[in-house]
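Architecture and fold: a report
The lines below spell out each chain.
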Amino acid sequence: MTAPTFTNDAIVFGILMISLGFVFYTESKTTGFWPKFYKIVPGLFMAYFIPAIFTTAGIISPAWETLSTASEVIKGKSQLYYISSRFLLPAALVLMTLSIDLKAIFNLGSKALIMFFTGTVGIIIGGPLAILLISAFSPETVGGADFDAVWRGLSTLAGSWIGGGANQTAMLEIYQYNPQKYGGMVFVDIVVANIWMAILLIGIGKKDKIDKWLGADTSAIEDLKEKMSKFSEKVNRNPSLTDLMIILTIAFGTVGFGHFASGYLSDFFTNFVNSIASQTWRNIFSFLGSSFFWLISVSTITAIILSFTKAKNYEGAGASKIGSVFIYILVATIGMKMDLAMIFDNVGLIAIGLVWMSIHAGLLILVAKLIKAPYFFLAVGSQANVGGAASAPIVAQAFHPSLATVGVLLAVFGYAIGTIGAILCTILMELSATL
């Protein structure tokens with residue numbers, strides 16, 4: 001948590017943009033070392049990994065602490081992830097949804113939902129199984145009594161990995177885990193979730209081989225991609241300054257409306273949920289008080305409405321490309337949150353998290369193989385659970401910009417079932433910890 005070399009966000013943003021520029025420049029090379037490298041490692045992963053290296057080396061950092069001359073602890077924090085997730089992410093979703101074909105999205109079939117729920121079940125059973133496995137080697141790692149009990153802390157991971165931040169907070173409220181130790185669980189969340197996201201991104205570079213191994217039928221996905229490509233070619237034009245300004249107007253005008261509406265909606269539903277007599281039901285519906293949930297929902301719904309208007313023709317002027325720029329900036333800020341050295345700071349809890357995520361992944365692979373689901377559904381179904389609305393669209397758009405909306409829709413659904421699923425998981429974890 002010591003101060004990094006650079007704490008000024010303007011400088012840090014410059015470093016992140018240089019990193020992205022390096023990735024795109026080297027990825028564009030057609031001869032030499034780089035084409036061979038990017039056949040193995042996708043550019044999107046490098047956009048995530050290079051900032052993580054800078055953070056690990058202490059050059060940049062998402063948060064830090066310093067001592068004043070009076071020996072007072074001064075906390076510092078970069079605002080780049082907040083800006084990217086609250087401004088650029090919803091703007092990217094708007095631009096990528098403008099030209100959406102809802103009928104084609106629904107034609108993707110039921111496998112998307114099956115893989116999403118498989119991911120949810122993997123988290124629910126993964127927690128208690130991880131506790132049982134780790135307790136056989138290190139009982140003290142999964143021990144603790146009363147409000148220090150590890151299973152209580154792990155309940156917050158279940159909330160985060162099925163739903164999102166609002167569900168995670170709800171689980172902390174329900175099970176009253178020791179707040180002084182809660183930071184350790186947030187740390188496990190960051191490390192394990194980001195490792196898994198990195199693995200999924202690497203897998204995208206080998207999606208054809210994976211789909212062949214799974215025996216997957218990717219025709220519906222390919223049809224959607226081809227349909228969107230044909231539409232883009234049909235409306236394609238050399239964008240004028242006016243085109244670019246209108247594209248940004250649509251994007252950030254919608255984001256502004258999203259923030260405006262989310263403020264009222266989150267306040268309204270917070271009061272509504274607080275008026276519910278049952279504490280259990282209040283916790284289940286606590287996600288409705290999340291302004292981020294409503295920001296993503298309102299922005300996406302508005303973009304879907306706009307897709308039925310002439311606004312969709314701005315895809316020909318590069319709407320989704322600008323959206324992709326925003327997504328890559330978000331990816332870089334997410335990578336910045338990952339300090340690779342953190343893996344060794346709490347090996348026991350990290351081990352639980354890794355075993356837990358491995359069970360989640362193993363179940364997804366098994367079901368994908370059984371129903372012959374494409375890797376796209378596996379990756380997005382997983383991230384809609386583990387990463388939520390901030391990262392599911394990233395993974396989805398890596399397959400094709402038009403697919404980003406699939407990630408959003410599944411992630412929003414994850415918010416709705418997050419607390420219920422996490423409570424079930426926690427009940428099983430408590431039983432496992434007491435065996």
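Counting of residues starts from 1 at the beginning of each chain's written sequence and follows it residue by residue. For a predicted model such as this one, the threshold for reporting local features is a pLDDT of at least 70, and the threshold for listing and counting side-chain atom pairs is 80 or more; totals across whole chains, interfaces and linings nevertheless cover every residue. Note that water and hydrogens are dropped before the side-chain values are worked out from all heavy atoms of the structure.

A count of helical and extended segments in the protein gives 19 helices and two strands. By principal-axis analysis of the C-alpha atoms, the protein measures approximately 65 × 55 × 55 Å. Of all 435 residues assigned to the protein, the portion counted as buried reaches 52%. For the protein, the share of sequence-separated contacts (at least 6 apart) that also reach a separation of at least 24 residues comes to 83%. A total accessible area of about 19400 Å² is found for the protein, and carbon and sulfur atoms account for 66% of it. We score Asp and Glu as negative and Lys and Arg as positive, and we do not count His or the chain ends. Charged side chains are reduced to one point each, which is NZ for Lys, CZ for Arg, CG for Asp and CD for Glu. Computed over 26 positive and 23 negative side-chain charges, the inter-centroid distance for the protein is 11 Å. Numbered from the N terminus, helices here are DSSP runs of H or I no shorter than four residues, and strands are runs of E no shorter than two. Partly exposed residues are those whose accessible area sits between 20% and 50% of the maximum for their type, while under 20% is buried and over 50% is exposed, using a 1.4 Å probe and protein chains only. Should any heavy atoms of two residues lie within 4.5 Å, those residues are counted as being in contact. Throughout, the Shrake-Rupley method with a 1.4 Å probe supplies accessible areas, and for residues the shown protein chains are the sole cover considered.

Another point: the pairing of strand E1 (residues 63–67). Two strands pair when backbone bridges link them, and E1 and strand E2 (residues 73–77) are joined in this way by five bridges, in the antiparallel orientation. Looking at the pairing, Thr-66 lines up with Ile-74 of E2. Counted between consecutive antiparallel strands, the loop separating E1 from E2 contains five residues, among which Ser-71 sits at a positive phi close to 65 degrees. In this description, strands pair whenever DSSP reports at least two bridges between them.

A few words on the pattern of salt bridges. Each reported salt bridge corresponds to a side-chain nitrogen of Lys or Arg within 4 Å of a carboxyl oxygen of Asp or Glu. One pass over the full model with this rule turns up four salt bridges. One salt bridge connects Lys-230 with Glu-226, and the closest N-O pair in it is separated by 3.4 Å. Taken together, the residues Lys-230 and Glu-226, both in helix H11 (residues 219–235) and four residues apart, mark about one turn of the helix. In this structure Glu-226 comes out as partly exposed when scored by relative accessible area, which is 42%. Notably, a salt bridge pairs Asp-243 with Arg-237, separated by 3.1 Å at the nearest N-O pair. Residue classification places Arg-237 among the partly exposed positions, given a relative accessible area of 31%.

Let's shift gears to the nonpolar core. To qualify as a nonpolar core, a set must consist of buried Ala, Val, Leu, Ile, Met, Phe, Trp, Tyr and Cys residues joined through side-chain atoms within 4.5 Å. Counting 135 residues, the largest nonpolar core has Leu-154, Trp-161, Trp-356 and Phe-376 as its most contacted members. Ranked by the residues each element gives to this core, the list is headed by helix H9 (residues 179–204), at 13 residues. If sequence neighbours within four positions are ignored, Phe-376 has contacts with Ile-221, Ala-396, Phe-399, Leu-403 and Val-406.

This part takes up a nonpolar patch on the surface. Patch building starts from residues that exceed 30% relative accessible area and form no salt bridge, then joins like charges within 9 Å and nonpolar side chains (Val, Leu, Ile, Met, Phe, Trp, Tyr) within 5 Å. Residues Tyr-82, Ile-83, Phe-87, Leu-241, Met-245, Leu-248 and Phe-252 make up a contiguous nonpolar surface patch of about 660 Å² in total accessible area. Every element with two or more residues in the nonpolar patch is listed here: helix H4 (80–97) and helix H12 (241–274). Within the fold, Leu-241 resides in helix H12.

Moving on to the confidence of the model for the protein. Note on scores: pLDDT gives the predictor's confidence for each residue, bounded by 0 and 100. For the protein, the average pLDDT comes to 88, and 100% of its residues sit at 70 or higher. Confidence, expressed as mean pLDDT per element, reaches its minimum in the protein at helix H13 (residues 279–284) with 74 and its maximum at helix H1 (residues 9–27) with 96.

Now for H4. Take the residue count of a helix, subtract one, and multiply by 1.5 Å to get its expected span. Here H4 contains 18 residues, and its C-alpha end-to-end distance of 24 Å stays within 8% of the 26 Å for a straight helix at 1.5 Å per residue. Think of it this way: the bend at a residue is just the angle between two axes, each fitted to seven residues, one set ending at that residue and the other starting at it. Helix geometry: H4 is bent most strongly at Leu-88, by close to 35 degrees, with proline Pro-90 lying one to four residues after it. Taking burial as the measure, the 18 residues of H4 include 13 buried ones, the bulk of the element.

Aromatic rings from Phe, Tyr and Trp, with only the six-membered ring used for Trp, were paired whenever their centres fell within 6.5 Å, and each pair was classed as stacked if the ring planes differed by under 30 degrees, edge-to-face if by over 60, and tilted otherwise. What the rule picks out here adds up to 22 aromatic pairs. A ring has a charge above it when a Lys NZ or an Arg CZ is no more than 6 Å from the ring centre and no more than 35 degrees off the ring normal. The ring of Tyr-81 is capped by Lys-337, whose NZ or CZ atom sits 4.0 Å from the centre of that ring. We note Lys-369 situated over the ring of Trp-213; from NZ or CZ to the ring centre the distance is 4.4 Å.

All right, on to the side chain of Glu-315 then. In this fold, Glu-315 is placed in the loop between helix H14 (291–306) and helix H15 (319–336). We note that Glu-315 is buried and unpaired, the nearest opposite charge coming from Lys-321 at a distance of 5.7 Å. Polar contact is defined as a pair of N or O atoms within 3.5 Å, subject to the rule that within protein one atom must be able to donate a hydrogen and the other to accept it, and that residues adjacent in sequence are counted only when both atoms are side-chain atoms. A distance of 2.8 Å separates the side chain of Glu-315 from the side chain of Ser-320, its partner in a polar contact. For Glu-315, the contacting residues outside a window of four places in its chain are Leu-95, Ser-99, Phe-231, Ser-232, Val-235 and Ser-320.

So, on to helix H8 (residues 165–175). Within the span of H8, buried status applies to Ala-166, Asn-167, Gln-168, Ala-170, Met-171 and Tyr-175. Among the structural elements, helix H7 (150–162), H9, H13 and helix H19 (404–434) are those in contact with the buried residues of H8. The positive-phi residue at the C-terminal boundary of H8 is Gln-176, with phi of around 55 degrees.

Checked against the element boundaries, Leu-214 lands in helix H10 (residues 207–214). Spatially, the C-alpha atoms of Leu-214 and Ala-373 are 7.1 Å apart, while their sequence positions differ by 159 residues. When neighbours within four sequence positions are excluded, Leu-214 is seen to be in contact with Ile-365, Ala-368, Lys-369, Lys-372, Ala-373, Pro-374 and Tyr-375.

Interhelical geometry of H9 versus helix H17 (residues 375–386) gives an angle of 160 degrees and a closest axis separation of 11 Å. By the angle between their directions, the pair H9 and H17 is classed as roughly antiparallel. Note that H9 runs across H17; the crossing there is left-handed. Touching Ala-193, Trp-196, Met-197, Ile-199, Leu-200, Gly-203 and Ile-204 of H9 are Tyr-375, Leu-378, Ala-379, Ser-382, Gln-383 and Val-386, all from H17. All residues other than Ala, Val, Leu, Ile, Met, Phe, Trp, Tyr, Cys, Pro, Asp, Glu, Lys and Arg, Gly among them, are scored as polar; the first ten of these are nonpolar and the last four charged. Within the contact of H9 with H17, the residues separate by chemical class into 10 nonpolar, three polar and no charged. Angular values range over 0 to 180 degrees, each being the angle between N-to-C directions of two axes fitted as lines to C-alpha atoms, with helices fitted over their stretch in contact. The cut-offs work like this: below 35 degrees is roughly parallel, past 145 is roughly antiparallel, 65 to 115 is roughly perpendicular, and the gaps in between are oblique. Two helices crossing with the near one rotated counterclockwise from the far one by less than a right angle form a left-handed crossing, whereas a clockwise rotation gives a right-handed crossing.

Even without glycine at this site, Gln-176 takes up a positive phi of about 55 degrees. Within the secondary structure, Gln-176 is located in the loop between H8 and H9. On the accessibility criterion, Gln-176 (38% relative accessible area) is partly exposed. A positive phi angle, near 60 degrees, is found at Lys-372, a position not held by glycine. Of note, Lys-372 is situated in the loop between helix H16 (347–371) and H17.

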